[in-house]
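Read off the chains here:
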Number of protein chains: 2
Amino acid sequence: MGGDGGPDAILAGASIARRRHPKVRFLLHGDEKILTPLLGKYRALAKRSEVRHAPGLIRMEEKPSQALRRGRNSSMWNAVEAVAKGEANVAVSAGNTGALMAISMFRLGVIEGISRPAIAVIWPTIRGQSIVLDVGANAGSDAKQLVDFAVMGEAFARAIFGIGRPTVGLLNIGEEEMKGIEPVKLAARILRASKLPIEFYGFVEGDDISTGTVDVVVTDGFTGNVALKTAEGTAKMVLYYLKSALLRSLLGRLGAIFARGALRTLRRKLDPRNLNGGVFLGLNGVVVKSHGGTDELGFASALDLAIDMGGSDMIQNILADHAGVSAAPEEDAEPGGPNGDPGKAQVAVS
Amino acid sequence: MGGDGGPDAILAGASIARRRHPKVRFLLHGDEKILTPLLGKYRALAKRSEVRHAPGLIRMEEKPSQALRRGRNSSMWNAVEAVAKGEANVAVSAGNTGALMAISMFRLGVIEGISRPAIAVIWPTIRGQSIVLDVGANAGSDAKQLVDFAVMGEAFARAIFGIGRPTVGLLNIGEEEMKGIEPVKLAARILRASKLPIEFYGFVEGDDISTGTVDVVVTDGFTGNVALKTAEGTAKMVLYYLKSALLRSLLGRLGAIFARGALRTLRRKLDPRNLNGGVFLGLNGVVVKSHGGTDELGFASALDLAIDMGGSDMIQNILADHAGVSAAPEEDAEPGGPNGDPGKAQVAVS
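Residue and element names in this part refer to chain A. As for its placement among the helices and strands, Gln66 is situated in helix H4 (residues 64–70). Note: C-alpha distance between Gln66 and Ala102 (36 residues apart in sequence) is 10.0 Å. Only 2.8 Å separates the side chain of Gln66 from the backbone nitrogen of Lys63, close enough to count as a polar contact.

As structure tokens, this is what we get:
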């Protein structure tokens, strides 16, 4: 029910994801009076879906505390609940981020030993793709949290990229040891001294993210969110400059006609809809947040990501990697979900 | 003497700047055994220049405290000294940033009432150009410092863009009042309540920088530095993607040939050398830091910026704008310098 496009965009996105992952089943949470007739438009999706009535709705401007108090009958709550009960491998929502995080923390619980969950995104680079976290679950982080993010990001990279030993860098304003803010310097000392199964690269700077210097870039939620949005804004600006430059002359226009295919490739490569989806890491269950303003293509990407994650053993990896963590998740939170095959994942959609 | 290109790049850059600003005079600080013969290659520049012998050198890896202790005979120290003595309107250096800031603070003094200096850069936007500060003078800032940055950034915008009442935004991770880290939230409350001659817009997000939503974006030195380098990395990545896409097909290559002029315009527009130069704000004198890795074109841009600033009344504006500030700079620090005409500025080069 969440997101600017509402159930129309969500179901259209699920229909695209269904074609790509024919074995996946969807639990669609929301107002059945809206969802059931809408689902009639997507016959193949309907066959792989189950509508779970949830009359309530969490509005975009609602505070996390309000969502926790009043949100129990909402589509968002019930989608997360399906993961907590082990009915779904992963929950996906395009709704209110703060509310989704609060409900996810409350119902799934934070992995023992992890101080705070984080939101991770996949970032396009010159080398391919990297992971950046936290991009906004927290505003500011201490050294312990940054170290936890390194563990979580590394487990995420192994799950999604299939790399054995991803490299991890700490985002800073210089590569020298003395540079930067205290939590970052302290986290580097802890990571260097630790026996975590992490290939710790050291400090990286803002331009290293797009260069792809490391597989995982660790930062606090404030800096990460600013970096992510700054990059989105810059990419948009460069495309705008490119368009203006091409339109200014006849030769430019002619060139643009010949290079139409190449320019389309570029736009597709930079289309934020293709890498839509922030993964909540550090919980006893996987939750993916789709951008609220995206359309069906963007939501389908978030579902792709969720399906890839849904069957992975990422949470077990976080548990195993994190020193001094007892591997005992809450009884009703089954990290692996009903099965371990990503192609067959069961997805709860809010 | 500073920068990766050494005196060659510096003098070549000064020669370019001399052609653009024929009335400007240069005080060239450094080893005269190197500078004097080199200057022989630039006859027109030599006529407008005076070599001031300074045998010492501050290395790139030197700590600010070391530079303060041992740097008195260095080219950097003497260039800043020329501003402090009122012999030059502005000092420009491509050397060690931390050392330059430390020496500048020591010799010029921080403007009374201002808690910390900041480094401001000009940022290309879709609308034109904006100012972003701090991009790395400090690692983390409290609310009072952010408010000071707003005052300084606004005075800089008036000086460099000639706008009467620039808009100022605080960089945050959401536009709602409750979002973000404490210093940012508190700074917003102070700016809203203040009688400063500032058009305070409120919070802006990372993508607002390139959109040009406000004339001045205020942030702490850690976040600002990460944002700046992330943007540089993103622009590079997009250009790399564009090149790859064009080269992949015959039609793309053909298009690129026709659109050669347009692509050159794009590259020029995104060339970091064209907007090279961070301005140290908050001191009783103007100091411009050129990127150390730039070439003569980049250094010429830093000199352009310095010459524009050298004759401005920015420091008086900061003094006037900052509530409760007594307008009494140190005796030997004359903010306006020898004269008030930017075209005729005297520039000390280190």
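Now that the structure is up, let's keep going.
Our next topic: a positive patch on the surface. All names here are of chain A. Positive charge collects at one region of the surface, where Lys243, Arg260, Arg264, Arg267 and Arg268 lie side by side. Among the elements that take part in the positive patch, helix H12 (residues 260–270) stands out by supplying four residues, more than any other. Mapped onto the elements, Arg264 comes out in helix H12. Note on Arg264: relative accessible area 46%, which makes it partly exposed.

To continue, consider the packing of aromatic side chains. For any pair of aromatic rings, the description rests on two quantities: the centre-to-centre distance and the angle between the ring planes. Residues and elements named next belong to chain A. Overall, the coordinates contain five aromatic pairs over all chains when judged by the stated rule. Ring plane angle 55 degrees and centroid distance 5.8 Å describe the contact between Trp77 and Phe106, whose orientation is recorded as tilted. With Trp77 in helix H5 (residues 75–84) and Phe106 in helix H6 (residues 97–108), this pair connects stretches of sequence that are 29 residues apart. We classify Trp77 as buried; its relative accessible area is 4%.

All names here are of chain B. Residues Gly278 and Phe280 point to one face of strand E9 (residues 278–281) and Val279 and Leu281 to the other, with burial holding for every one of them. Relative to strand E10 (residues 286–289), E9 is paired through three bridges, and the arrangement is antiparallel. Looking across to E10, one finds that Gly278 is bridged to Lys289. The turn joining E9 and E10, which pair antiparallel and follow one another in sequence, is formed by four residues; a positive phi near 105 degrees is taken by Gly282.

Here we take up the interface of chain B and chain A. Across the boundary between the two partners, chain B contributes 53 residues, which contact 53 residues of chain A. Counting each side, the surface lost to burial between chain B and chain A is near 4700 Å², with a carbon and sulfur contribution of 78%. Remark: the boundary between chain B and chain A carries two salt bridges. Here Lys229(A) ties to Glu205(B) by a salt bridge, and the two come within 2.2 Å at their closest N and O atoms. Taken together, the connections running from chain B to chain A amount to six residue pairs in polar contact (both at pLDDT 80 or more).

Take the relation of the copies chain B and chain A next. Mapping chain B onto chain A leaves a residual RMSD of 0.0 Å; the transformation is a rotation of 180 degrees accompanied by 0.0 Å of translation along its axis. A rotation of that kind, with that shift, is consistent with a two-fold axis. By C-alpha distance to the rotation axis, the residue of chain B lying nearest is Gly255(B), at 1.9 Å. An overlap of 100% is found between the interface residues of chain B and their copies at the interface of chain A, pointing to a shared contact surface.

Residues and elements named next belong to chain B. By the secondary structure assignment, Ser301 is in helix H13 (residues 296–310). Sequence separation between Ser301 and Arg273 is 28 residues, and the spatial gap between their C-alpha atoms is 6.8 Å. If near-sequence neighbours (up to four positions away) are discounted, Ser301 is found in contact with Arg20, Arg273, Asn274 and Asn276.

Next up on the list: the confidence of the model for chain A. All names here are of chain A. Scored by pLDDT, chain A comes out at a mean of 88, with 93% of its residues at no less than 70. Per-element mean pLDDT across chain A ranges from 76 in helix H14 (residues 314–321) up to 98 in strand E8 (residues 216–218). Low pLDDT, under 50, characterises residues 324–340; the stretch is placed with 37 contacts to residues that sit more than four places away or in other chains. Among the prediction metrics, the complex's ipTM stands at 0.88, with pTM recorded as 0.89.

Rules behind the numbers
- Residues numbered from 1 in each chain as written.
- Chains lettered and ligands numbered in written order.
- Predicted model: local features only at pLDDT ≥ 70, side-chain atom pairs only at ≥ 80, totals over all residues.
- Heavy atoms only, no water.
- Helix = DSSP H or I, 4+ residues; strand = E, 2+ residues; numbered from the N terminus.
- Polar contact = N/O pair within 3.5 Å; in protein donor to acceptor, adjacent residues only side chain to side chain.
- Patch = residues over 30% accessible without salt bridge, like charges linked within 9 Å, V, L, I, M, F, W, Y side chains within 5 Å.
- Areas by Shrake-Rupley, 256 points an atom, 1.4 Å probe, with all protein chains shown as cover.
- Salt bridge = Lys/Arg side-chain N within 4 Å of Asp/Glu carboxyl O.
- Lys, Arg positive; Asp, Glu negative; His and termini not counted.
- Charge placed at Lys NZ, Arg CZ, Asp CG, Glu CD.
- Buried < 20%, exposed > 50% of the residue type's maximum accessible area, 1.4 Å probe, protein only.
- Phe/Tyr/Trp six-rings, centres within 6.5 Å; stacked < 30°, edge-to-face > 60°.
- Pairing = 2+ DSSP bridges.
- Contact = heavy atoms within 4.5 Å.
- Buried area = accessible area lost by both parts, 1.4 Å probe.
- Least-squares fit on C-alpha atoms with pLDDT ≥ 70 in both.
- pLDDT = per-residue confidence, 0-100.

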